[in-house]
Amino acid sequence: MSHTEVCFICEYVGELLDEKEAESRIDNDEYLFDVGNYDEEIPKRNATCNNNLKVESNSFQRKDEDGFTLDAVSYGNVGRFINHSCSPNLYAQNVMYYHGDRRVPHIMFFASKSIAPLEEFTYHYNYNIDHVYDKNGNMKRKNCRCGSWKCEWRMY
Ligand SMILES: C[S@@+](CC[C@H](N)C(=O)[O-])C[C@H]1O[C@@H](n2cnc3c(N)ncnc32)[C@H](O)[C@@H]1O
């Protein structure tokens, strides 16, 4: 069986941090995922499914105000193991359940295309290249090793 579009994969689960706590962990960012405070009016990236259904992929422009971050380094689920790819097969979507506080939506991954058995799940981390900084304000760089022919060579 293969995973197809509009197929729910899993949630990104982690410790919920406010902006200040997230910033204090910025030098250990391996499992950080920024959530909330997104302007839903400004689509950032779109992906087209193989049935021509247009889906929004990480399609929220982050606002400047304080937001929340999930850290899966100590508490998490299988979502913490999903790597970045420049040609991903999943997209992350804000989903509301249990509560109506739109500042802290749940982050759910869905398939954006058919996924063959044993194919790795990946999503686009959507970093702004040259806009990620360490605690001292120095720009951070991380090379991408996704192996896609569309690889942008930098994660951030
Ligand atoms: C949420 S973790 C993903 C799972 C992680 N690879 C593991 O084994 O636990 C995110 C970290 O994995 C690494 N990573 C994920 N995708 C990558 C990619 N395409 N190229 C290089 N490193 C990647 C980076 O170090 C990144 O900060």
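Residues numbered from 1 in each chain as written. Predicted model: local features only at pLDDT ≥ 70, side-chain atom pairs only at ≥ 80, totals over all residues. Heavy atoms only, no water.

The name that an unreviewed UniProt entry assigns to the protein is SET domain-containing protein, with the source organism given as Solanum tuberosum.

Novice: With reference to specific residues and values, describe the sheet that holds strand β8 (residues 68–71).
Specialist: Ordered by their spatial adjacency, 3 strands build an open sheet running β2-β8-β3, and the pairing between neighbours is antiparallel. Edge positions in the sheet fall to β2 (15–17) and β3 (32–35), since each of these pairs with one other strand and no more. Across the sheet, the mean angle separating the axes of adjacent strands is 30 degrees when strand polarity is ignored. Note that β3 and β8 share 4 bridges and pair antiparallel. (Pairing = 2+ DSSP bridges. Helix = DSSP H or I, 4+ residues; strand = E, 2+ residues; numbered from the N terminus. Axes fitted to C-alpha atoms, helices over the stretch in contact; angles between N-to-C directions.)

Novice: Pulling in residues and values, what's your account of the site of the ligand?
Specialist: Taken together, 14 residues lie around the ligand, and E30, Y31, N83, H84 and R145 are the ones closest in. N83 is positioned such that a nitrogen or oxygen atom in its side chain is 2.7 Å from a nitrogen atom of the ligand. Within the side chain of K142, an N or O atom sits 3.0 Å from an oxygen atom of the ligand. In the complex, the protein chains occlude 80% of the 560 Å² of accessible area that the ligand would expose alone. The class makeup of the residues in the shell around the ligand is 7 nonpolar, 3 polar and 4 charged. (Near = heavy atom within 4 Å. Polar contact = N/O pair within 3.5 Å; in protein donor to acceptor, adjacent residues only side chain to side chain. Areas by Shrake-Rupley, 256 points an atom, 1.4 Å probe, with all protein chains shown as cover. Nonpolar A, V, L, I, M, F, W, Y, C, P; charged D, E, K, R; others polar.)

Novice: Got a sec to walk through the packing of aromatic side chains? Specific residues and values, please.
Specialist: Scanning the entire structure with this criterion turns up 11 aromatic pairs. Ring geometry for Y97 and Y98: centres 4.7 Å apart, planes at 45 degrees, overall tilted. Under the relative-accessibility criterion, Y98 is labelled exposed at 81%. Through a chain of ring-to-ring contacts, the aromatic side chains of Y12, F33, F109, Y123, Y125, Y127 and Y156 assemble into a single cluster. The positively charged end of R80 is found above the aromatic ring belonging to Y31, 4.4 Å away from the centroid. (Phe/Tyr/Trp six-rings, centres within 6.5 Å; stacked < 30°, edge-to-face > 60°. Buried < 20%, exposed > 50% of the residue type's maximum accessible area, 1.4 Å probe, protein only. Lys NZ or Arg CZ within 6 Å of the ring centre and 35° of its normal.)

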